[in-house]
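Each chain is listed here by its residues.
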Amino acid sequence: MPNTDFPIPKFHFSVEWGGTKIAFTEVSGLNKEMDVIEHRVGSSPEFFKKKMPGLQKLSNISLKRGVFAGDNEFYQWYNTVAMNTVERRNITISLLNENHSPVVVWKVKDCFIVSLKCSDMKSDANEAAIDTVEIANHGFTMEHVA
């Protein structure tokens, strides 16, 4: 029986993209927003605009991971961009429990890389080299696994 006294920790997660599981150190940007349309007819007895839902906005998703020798996954995907074409991939992000089973799953569709940031380098740093990739998407679903 799951423990409902505490929220799920955010530090245990997995990411699958294009059928490959890739280890990331950070995932952010799973955001949806909705514009609001305001409307009022001139004969309305109420002196305010009515509000209704408009278009949705989707944030780009940012993924960070360590740099490994011989690993060109980001660069190969980024380089699929040509005139009006790009390789799109579906990505699955799962928040995991202590048994490594998914508890919450986000399924993100039609993703493609829009930004690739290579690690900075510093002669006196004591940390791993981290690359960041930012991906555009065309929506996501979120499901809680029982």
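These numbers were taken from a predicted model, which means no experiment stands behind them.

For this particular structure, what's the right way to read the side chain of Arg65?
Here Arg65 is to be found in strand E6 (residues 61–66). Classification of Arg65 as buried rests on a relative accessible area of 6%. When residues no more than four places from it in sequence are discounted, the contact partners of Arg65 are Ile22, Ala23, Phe24, Thr25, Asp71, Glu73, Phe74, Ala129, Ile130 and Asp131.

Got a minute to help me understand the packing of aromatic side chains in this structure?
Under the defined criterion, the tally for this structure stands at 4 aromatic pairs. Ring geometry for Trp17 versus Phe24: centroids 5.7 Å apart, planes at 80°, classification edge-to-face. The exposure classification of Trp17 matches that of Phe24, with both residues buried. A centroid spacing of 4.7 Å and a plane angle of 80° characterise the contact between Trp17 and Trp77, whose relative ring orientation is edge-to-face.

Is there a simple way to explain the layout of surface pockets in this structure?
Where empty space is left can be seen by rolling a probe of water-molecule size over the atoms. Here the second largest pocket is characterised by a volume of approximately 300 Å³. At the level of secondary structure, the elements contributing two or more residues to the lining of the second largest pocket comprise strand E3 (26–28) and strand E7 (89–96). The leading source of residues in the lining of the second largest pocket is E3, at 3 residues. Residue classes in the lining of the second largest pocket are distributed as 6 nonpolar, 3 polar and 2 charged.

Reading guide: rules and limits
Residues numbered from 1 in each chain as written. Predicted model: local features only at pLDDT ≥ 70, side-chain atom pairs only at ≥ 80, totals over all residues. Heavy atoms only, no water. Helix = DSSP H or I, 4+ residues; strand = E, 2+ residues; numbered from the N terminus. Buried < 20%, exposed > 50% of the residue type's maximum accessible area, 1.4 Å probe, protein only. Contact = heavy atoms within 4.5 Å. Phe/Tyr/Trp six-rings, centres within 6.5 Å; stacked < 30°, edge-to-face > 60°. 1 Å grid on protein atoms, 1.4 Å probe; cavity = no way out; pocket = protein on both sides within 12 Å on 5 of 7 lines; lining within 4 Å. Points joined across faces, edges and corners; volume = space filled by probe spheres on them. Nonpolar A, V, L, I, M, F, W, Y, C, P; charged D, E, K, R; others polar.

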